[in-house]
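What follows is the residue order along each chain.
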Amino acid sequence: MPKQPGIDADALEIRIAAESDLESLAESFAYGTSAAQLQRRLEESKCGLRTMLVAVLKGRAVGAVSIGGWGHQRVGSLRLFALDVGPAFQGIGVGTALINAVETIAAERNLDEVNLEVEIDNDDAIRLYRRLGYRICGDPVMDRWTLLRDDGTVETIEVPVFVMVKKLD
Ligand SMILES: CC(C)(COP(=O)(O)OP(=O)(O)OC[C@H]1O[C@@H](n2cnc3c(N)ncnc32)[C@H](O)[C@@H]1OP(=O)(O)O)[C@@H](O)C(=O)NCCC(=O)NCCS
């Protein structure tokens, strides 16, 4: 997809996800992440199992990322996961802004590292993380997560992932 002109950083708001973001988030992710999956993420955020952040552009939630949860957790490190930008809004800096916001939160919590897992064949995401200073840590490990579809079906996904980490200055 051709790169669109960049967004004005002032036009993009990053904040904690609210129930009122779900509709526009689901619209932004049509044909991508299901509304059921987004709803589950928000519910987990509301009960403290994760913190879900949204990127809001002109009143519309166009991307999201979560922090916390489990995984290949490291002491003194904040875990970033479920980074997703609506297909029509990719390549304009939303993903970068969400990752920057997570790093700011890590620094505010006096953590000196952000860690994440990325599927070993997700070349676009790995390139982006590398550009932002993340480095692959060790050999691939298996990750497991639950895929919820809007038709009500559920699938457990097990995939090899790289753990990537970035030391914050
Ligand atoms: C991976 C993903 C989150 C990236 O989000 P994004 O909003 O497209 O990311 P950005 O726009 O910040 O950066 C993507 C590319 O666009 C470029 N870009 C960023 N801002 C730009 C701008 N203003 N103008 C032109 N290009 C820009 C970046 O240089 C980057 O290029 P690179 O990949 O060669 O480094 C997104 O593609 C996505 O949601 N993919 C599906 C889900 C997924 O794989 N998530 C990751 C799970 S670990």
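Only a predicted model underlies this, so the values are computations on that prediction, with no experimental measurement involved.

Rules behind the numbers
Residues numbered from 1 in each chain as written. Predicted model: local features only at pLDDT ≥ 70, side-chain atom pairs only at ≥ 80, totals over all residues. Core = buried A, V, L, I, M, F, W, Y, C linked by C-beta atoms within 7 Å. Buried ≥ 20, exposed ≤ 12 C-beta atoms within 10 Å, placed from the backbone. Helix = DSSP H or I, 4+ residues; strand = E, 2+ residues; numbered from the N terminus. Contact = placed C-beta atoms within 7 Å. Pairing = 2+ DSSP bridges. pLDDT = per-residue confidence, 0-100. Near = placed C-beta within 6 Å. Nonpolar A, V, L, I, M, F, W, Y, C, P; charged D, E, K, R; others polar.

Undergrad: Whenever I open this one, the nonpolar core confuses me. Can you help?
TA: Burial of nonpolar side chains together is a common tendency in soluble globular proteins. The biggest cluster of nonpolar side chains holds 39 residues, and the ones touching the most others in it are Val-54, Ala-55, Leu-80, Val-94, Leu-98 and Val-102. Listed by contribution, the elements that provide at least two residues to this core are α1 (22–28), α2 (35–46), β2 (50–57), β3 (60–68), β4 (77–85), α3 (94–108), β5 (113–119) and β8 (154–167). Other than its neighbours up to four places away in sequence, Val-54 contacts Arg-15, Ala-17, Asp-21, Leu-25, Ala-61 and Ala-64.

Undergrad: Explain unusual backbone geometry here, please?
TA: What is expected of a backbone is that most residues other than glycine have negative phi and most peptide bonds are trans. A positive phi angle, close to 50°, is found at Lys-58, a residue other than glycine. In this structure, Lys-58 sits in the loop between β2 and β3. Lys-58 sits in the exposed class, given 10 other C-beta atoms within 10 Å. Positive phi, close to 60°, is recorded for Asn-110, a residue that is not glycine. Mapping Asn-110 onto the fold places it in the loop between α3 and β5. Judged by the 7 C-beta atoms lying within 10 Å of it, Asn-110 falls in the exposed class.

Undergrad: What am I meant to see in the environment of Val-56 here?
TA: With respect to the helices and strands, Val-56 occurs in strand β2. Residue Val-56 is classed as buried on the basis of its C-beta count, with 20 C-beta atoms lying within 10 Å. Residues Val-56 and Ile-14 lie 42 residues apart in sequence; the distance between their C-alpha atoms is 6.3 Å. Among residues more than four places away in sequence, those in contact with Val-56 are Glu-13, Arg-15 and Ala-61.

Undergrad: How should the pairing of β5 be read in this particular structure?
TA: Every other side chain in a regular strand lies on the same face of the sheet, so the side chains alternate between the two faces. For β5, the buried fraction is high: five of the seven residues fall into the buried class. Note that β4 and β5 share four bridges and pair parallel. By the bridge assignment, Leu-78 is partnered in β5 with Val-114. Bridge count between β5 and β8: seven bridges; the pairing is antiparallel. Following the sheet pairing, Val-114 is matched in β8 by Lys-166.

Undergrad: Whenever I open this one, the confidence of the model for the protein chain confuses me. Can you help?
TA: Regions with low pLDDT carry predicted coordinates that are not meant to be interpreted in detail. Per-residue pLDDT for the protein chain has a mean of 92; in total, 95% of the residues score no lower than 70. For the protein chain, per-element mean pLDDT is lowest for strand β7 (residues 141–148), which scores 92, and highest for strand β6 (residues 135–136), which scores 98.

Undergrad: Hey, could you run me through the site of the ligand in this one?
TA: Inspection of the region around the ligand gives 19 residues, with Gly-6, Gln-90, Gly-93, Gly-95 and Thr-96 positioned closest. Those elements giving two or more residues to the shell around the ligand turn out to be β4, α3 and α4 (123–131). Looking at which element gives the most residues to the shell around the ligand, the answer is α4, with five residues. In terms of residue class, the shell around the ligand is made up of seven nonpolar, seven polar and five charged.

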